[in-house]
Amino acid sequence: MGSSDGLWRAPPPPDLAHLVERLAGRRAVGRRVLFPVFPTARAELIFHFADPFSAGTCERLRPLAPAALLGPRLARSWHCAGPAIDWFLIQLTPQGCRRLLGLEFAEAWEREIPLADLWGRRGAVLHDRLRQAGSFAARAAVATQAMRAMPGAGAAPEPMSVAGALARAGRLRTIDALRHRLDVGPRRLHQRFAGDYGVGPKLFLNLMRFGRQLEERHPLVAPREVGEPEYADESHAIREFRRFSGLTPGAYAAQKKSGDRLIFTGADLLAPQ
C-alpha cells in the first residue's frame, strides 16, 4: 500500500500470553488509501501516530481516536489511512479484554471504542509514551511494562483463554476437540463461547480456520507446517474463503504479490482526496 513499508510482528512475553496474542507495528509512506479488512474474531488495541486514520463501513467512515479498541468483526470493515502510516497494535484475548480493559470481549463486536472511554487519561499517557519510543522494539517494551502494571495482569490463565489460543493455532479444530479440552457437554460449550467470545464455537472455529487460510495463501508469508486437511475438499475451502473475504483465494494471492505483507486486508480500492 505504500512505496516505503515496514511491518513488524512479535509474540508477547510468556507471562502475558494468556492476555495478549501478538504485538505488531507498521510504518509506510505512500498515498491515502481505502481498503477492506476481513472478518476476524480478534480484538485489537491500536495506537496510531501519523496521518488521520478512519474506520467503519465503506459508506460511512469515522475518524478513529489516536488510541482505540477495534472490536472483532463478522463482516468486512473498512479503513482509510495515509499517506503517512505509523501504528502499534496489541491483539488481546478475551481474558485480556476483561483484565486489561475492563470490557467483555462479547461486548466489543463490530465496534471501535476510544481507549479514553476505557482507561481515561491513562490511555493518552500510554499513547504519548509509545509515540516517543519510536522503534517497534522500544514500543513493545513500553506496552509490556504498561500491561504488567495493570491490576488484572497477574490473573492466572483461564481454561477458555487457553482453549481459544489452541484453536487459533489450529491445534483444536473441531467442536469435539473443544469439548474434550474443556470437559463440557455441547450445551455448556455453546454457553461458554457465547459468554466469553460472543459467538458460538462453530463460527469461532470457522473464523480461526479462515485466518489460517489467509496466512497459508499469502505469497509473502513463510509457510507453516502442514497438518491434517481442514476442509473436505478445495471447493469447500474456496467457498468459505469467499464467504468471509468476498474474494477467491487466487485473487487474494494475486493482490498480495504486489508486496503488501498485511494478511487480513484486501487491495486498495481508491485514493480519497
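Look above for the structure.
None of these values were measured; they are calculated from a predicted model. (Residues numbered from 1 in each chain as written. Predicted model: local features only at pLDDT ≥ 70, side-chain atom pairs only at ≥ 80, totals over all residues. Heavy atoms only, no water.)

Caption draft 1: Region of interest: the nonpolar core. Phe47, Leu69, Phe88, Ile90 and Phe204 are the most contacted members of the largest nonpolar core, which has 58 residues in total. One finds Leu7, Ala28, Ala68 and Ala81 within the second-largest nonpolar core, a separate group that totals 17 residues. (Core = buried A, V, L, I, M, F, W, Y, C linked by side-chain atoms within 4.5 Å. Buried < 20%, exposed > 50% of the residue type's maximum accessible area, 1.4 Å probe, protein only.)

Caption draft 2: Structural context of the sheet that holds strand β6 (residues 61-63). With respect to topology, four strands assemble into an open sheet ordered β3-β8-β5-β6, the strand pairing being antiparallel. The sheet is open, and its two edges are formed by β3 (33-37) and β6, each paired on a single side. Direction aside, the axes of adjacent strands within the sheet are offset by 25° on average. Direction of pairing for β3 relative to strand β8 (residues 77-81): antiparallel, over a ladder of five bridges. (Pairing = 2+ DSSP bridges. Helix = DSSP H or I, 4+ residues; strand = E, 2+ residues; numbered from the N terminus. Axes fitted to C-alpha atoms, helices over the stretch in contact; angles between N-to-C directions.)

Caption draft 3: Here's a closer look at the pairing of strand β4 (residues 43-48). The element β4 is largely enclosed, with a buried count of six among its six residues. Neither face of β4 is exposed, since Ala43, Leu45 and Phe47 on one face and Glu44, Ile46 and His48 on the opposite face are all buried. Where β4 and strand β9 (residues 84-92) come together, six bridges link them in antiparallel fashion. Residue pairing for β9: phenylalanine 47 is matched across the bridge by phenylalanine 88. Here β4 pairs with strand β7 (residues 67-70) via four bridges, running antiparallel. If you follow isoleucine 46 over to β7, its bridge partner there is alanine 68.

Caption draft 4: The packing of aromatic side chains, seen in detail. As enumerated under the stated definition, the model contains 12 aromatic pairs in all. Both rings, one in phenylalanine 105 and one in tyrosine 197, keep their centres 5.7 Å apart while their planes meet at 75°; by these two values the pair is edge-to-face. With a gap of 92 residues between them, phenylalanine 105 in the loop between α1 (94-101) and β10 (112-114) and tyrosine 197 in the loop between α7 (186-196) and α8 (201-217) connect regions that are remote in the sequence. Here phenylalanine 105 matches tyrosine 197 in class, with each residue buried. An angle of 70° between the planes, with centres 5.6 Å apart, marks the rings of phenylalanine 210 and phenylalanine 241 as edge-to-face. Here phenylalanine 210, found in helix α8, pairs with phenylalanine 241, found in helix α9 (residues 234-245); they are 31 residues apart in sequence, far enough to count as distant. Look at phenylalanine 241 and you get buried, because its relative accessible area is 0%. Across the ring face of tryptophan 119, the terminal group of arginine 122 is positioned such that the distance to the ring centre comes to 6.0 Å. (Phe/Tyr/Trp six-rings, centres within 6.5 Å; stacked < 30°, edge-to-face > 60°. Lys NZ or Arg CZ within 6 Å of the ring centre and 35° of its normal.)

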